[in-house]
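Descriptive analysis of the structure
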Amino acid sequence: MLACGCATTSARRDVPPVPDVAALDAEAARAMTATGAKGLAIAVIDDGRVVATRAYGARDAKGQPLRTDTVMYGASITKTVFAYLVMQLADEKRIDLDTSISRYLDKPLPEYPDEDRYSTWSHLAGDERWRDITPRVLLTHSAGFANFGFLEPDERLRIHFAPGSRFAYSGDGIILMQFALERGLGLDVGAELQRRVFDRFGMRTTSMTWRPDFANNLADGWKLDGGVEPHDERSRVRAAGSMDTTLEDLSRFAAALVRGEGLSPEVFARMTSPQLPITTRSQFPTLQDELPPEARRKDLAAGLGVVVFDGPQGRGFFKNGHNDSTANTLVCLPRGRRCVLILSNDVRAEPAYPHLVRFVLGEAGVPWDWEYGDMAFWDGR
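So, how was this worked out
Residues numbered from 1 in each chain as written. Predicted model: local features only at pLDDT ≥ 70, side-chain atom pairs only at ≥ 80, totals over all residues. Heavy atoms only, no water. Helix = DSSP H or I, 4+ residues; strand = E, 2+ residues; numbered from the N terminus. Expected span 1.5 Å × (residues − 1). Buried < 20%, exposed > 50% of the residue type's maximum accessible area, 1.4 Å probe, protein only. Arc of directions from axis to C-beta. Polar contact = N/O pair within 3.5 Å; in protein donor to acceptor, adjacent residues only side chain to side chain. UniProt positions renumbered as here; feature names shortened; annotations may be inferred. Phe/Tyr/Trp six-rings, centres within 6.5 Å; stacked < 30°, edge-to-face > 60°. Lys NZ or Arg CZ within 6 Å of the ring centre and 35° of its normal. Axes fitted to C-alpha atoms, helices over the stretch in contact; angles between N-to-C directions. Parallel < 35°, antiparallel > 145°, perpendicular 65-115°, else oblique. Contact = heavy atoms within 4.5 Å. Nonpolar A, V, L, I, M, F, W, Y, C, P; charged D, E, K, R; others polar. pLDDT = per-residue confidence, 0-100. Salt bridge = Lys/Arg side-chain N within 4 Å of Asp/Glu carboxyl O. Left-handed = near helix turned anticlockwise from the far one by under 90°. Pairing = 2+ DSSP bridges.

So, on to helix 1 (residues 21-35). Between its first and last C-alpha, helix 1 extends 21 Å over 15 residues, near the 21 Å set by a 1.5 Å rise per residue. Residues of helix 1 that are buried: L24, E27, A28, A31, M32 and T35. Projected down its long axis, helix 1 carries its buried residues within an arc of 140°, all on one side. Exposed residues pointing more than 90 degrees away from the buried face of helix 1 are listed as A22 and T33. Residue D20 occupies the N-cap position of helix 1, its side-chain oxygen lying 3.3 Å from the main-chain nitrogen of A22.

Structural data, given as structure tokens:
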């Protein structure tokens, strides 16, 4: 799909023009050849509007074509969509970003029974630091948790440092925010996202849980070893990553987000501005040691549900999503209200992302080495 045949949707001279669709197609083909990726989908947002959605390659081992309306994993970009919901609630004064989650619960967190859809809050018994956890702490990944409690050596959730003191990426932290909304405010997060996001922006093929109609046009995935992984039919709403979506649908959300639609200017600015310095060399492993102060990046911080960076085109924000067979990235630059969204059902596509994002947006200063660690990137040659 191409919404505009021109290279850019406006005559603005203060930002680089986005490439035309023929150039984008050619560059995507080169990237797939270089990386061996079987499927790739790219959307371009310029001046707050979706100007191109393109899909390439296969959606499954049968060779059926990947399309812009093919159902794909949202993976951890789900976290940003969920954060948008939380920020709406903050805008409406239904939550306070700096109030302890204990204020929203009718009993101490460790006293709730363990449920598969959430995490093992009972493991926090005896550690009163859970009371220092706030919505801001959870959305900045600074609760002190591992990514997930089941990844701990003894599979027990614990708090490793004072909540709010440093960044350490945690899916369980996002799940705790979901728990606070559902148990504390009585909200159904899946229903709220449907009403406030998916319906609002015309995301007709997006859901937090599996829908039978998805099976007609569904992406399976390819792993690093070339093996195919079937698409999982997820039955539980998990704010950390259960969203199924399409390139067309998610690009509509990205365009709305970079416009700040649905949020007050103050709350949008808060979501996409630095809230907490990021002090580690890379994002993973999530509990790695902090760098000494003199070695820490000054251009990198946690926003609320996104990571914020400063670069040659001003401030930007981004969020990636990844599992064994999924590779997603969303990069947005508020100056010019431009974004590039890349979804792939082949994790081998990731080494091409820095080049593809640069091809669309120009040099933006995205901290790829922090996001991907020691990955060797394709340089476009």
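As annotated by UniProt and renumbered to match this structure, "domain: Beta-lactamase-related" (unreviewed entry) occupies residues 26-350. Between the first and last C-alpha atoms of residues 26-350 the distance is 18 Å; the span itself is 23% helix and 18% strand.

Here we come to the packing of aromatic side chains. Tallying each qualifying case throughout the model produces 12 aromatic pairs. Here the aromatic rings of W368 and Y372 are separated by 6.1 Å at their centres, their planes lie at 10°, and the arrangement is stacked. Of the two residues, W368 and Y372 both sit in helix 9 (residues 368-372), 4 residues apart, roughly one turn of that helix. What makes W368 buried here is its relative accessible area of 8%. We classify Y372 as buried; its relative accessible area is 13%. Each member of the aromatic cluster is reached from another via a ring pair, and the members are Y112, Y118, W121 and F179. The ring of Y112 has K107 sitting right over it, with the charged end atom 4.9 Å from the ring centre. Lying across the ring of Y73, R234 places its NZ or CZ 4.5 Å from the centre.

Attention now goes to the packing of helix 2 (residues 77-91) against helix 5 (residues 189-198). One way to put it is that helix 2 packs onto helix 5 with a least axis distance of 10 Å and a crossing angle of 85°. Judged by the angle between their axes, helix 2 and helix 5 are roughly perpendicular. Together, V81, F82, Y84, L85, Q88 and L89 of helix 2 and V189, E192, L193, R196, V197 and F198 of helix 5 make up the contact between the two elements. The residue makeup of the contact of helix 2 with helix 5, split by class, is 9 nonpolar, 1 polar and 2 charged.

Attention now goes to the environment of I45. As for its position among the elements, I45 is in strand 1 (residues 39-46). Along the backbone, I45 and D106 are 61 residues apart, and their C-alpha atoms lie at a distance of 43 Å. Residues contacting I45, with those up to four places away along its chain left out, are V50, S251, A254, A255, V258, R337, R338 and C339.

Residue-level pLDDT values for the protein average 96, and 97% of them are 70 or greater. Scored below 50 in pLDDT, residues 1-11 makes 22 contacts in the model with residues more than four places away or belonging to other chains.

With an omega of 0°, the peptide bond running from F284 to P285 counts as cis. With respect to the helices, strands and loops of the structure, P285 is situated in the loop between strand 7 (276-277) and strand 8 (300-302). The phi dihedral of H141 falls on the positive side, at around 55°, and the residue is not glycine. Within the secondary structure, H141 sits in the loop between helix 3 (135-139) and helix 4 (171-184). At R337, a residue that is not glycine, the phi angle is positive and equals roughly 45°. For R337, the location among the structural elements is in the loop between strand 11 (326-333) and strand 12 (338-344). Looking at R337, the relative accessible area reads 31%, which means it is partly exposed.

Here we take up the pattern of salt bridges. Pairing is possible between side chains of opposite charge, provided their charged atoms come close. Under the defined criterion, the tally for this structure stands at 28 salt bridges. Between R129 and D127 there is a salt bridge; the shortest N-O distance is 3.0 Å. Residue classification places D127 among the buried residues on the basis of a relative accessible area of 18%. A salt bridge links D249 to R252, with the nearest nitrogen and oxygen atoms 2.9 Å apart.

For the rest of this paragraph, the subject is the packing of helix 2 against helix 6 (residues 247-259). Look at helix 2 against helix 6: their axes get within 12 Å of each other, and the N-to-C directions meet at 50°. Considering their axes alone, helix 2 and helix 6 lie oblique with respect to each other. As helix 2 packs across helix 6, the resulting crossing turns out to be left-handed. Contacts between helix 2 and helix 6 involve I77, T80, V81 and Y84 on the former and, on the latter, L250, F253 and L257. Residue composition of the contact of helix 2 with helix 6, grouped by class: 6 nonpolar, 1 polar and no charged.

As paired strands, strand 8 and strand 9 (residues 307-311) are joined by 3 bridges and run antiparallel to one another. Each bridged residue has a counterpart across the sheet, and for A301 the counterpart in strand 9 is V308. Sheet topology note: the strand 9/strand 10 (residues 314-323) ladder contains 5 bridges and is antiparallel. Note that in strand 10 the partner of G311 across the bridge is G314. In textbook terms, the turn of a hairpin is the stretch between consecutive antiparallel strands, and for strand 9 and strand 10 this stretch comprises 2 residues.

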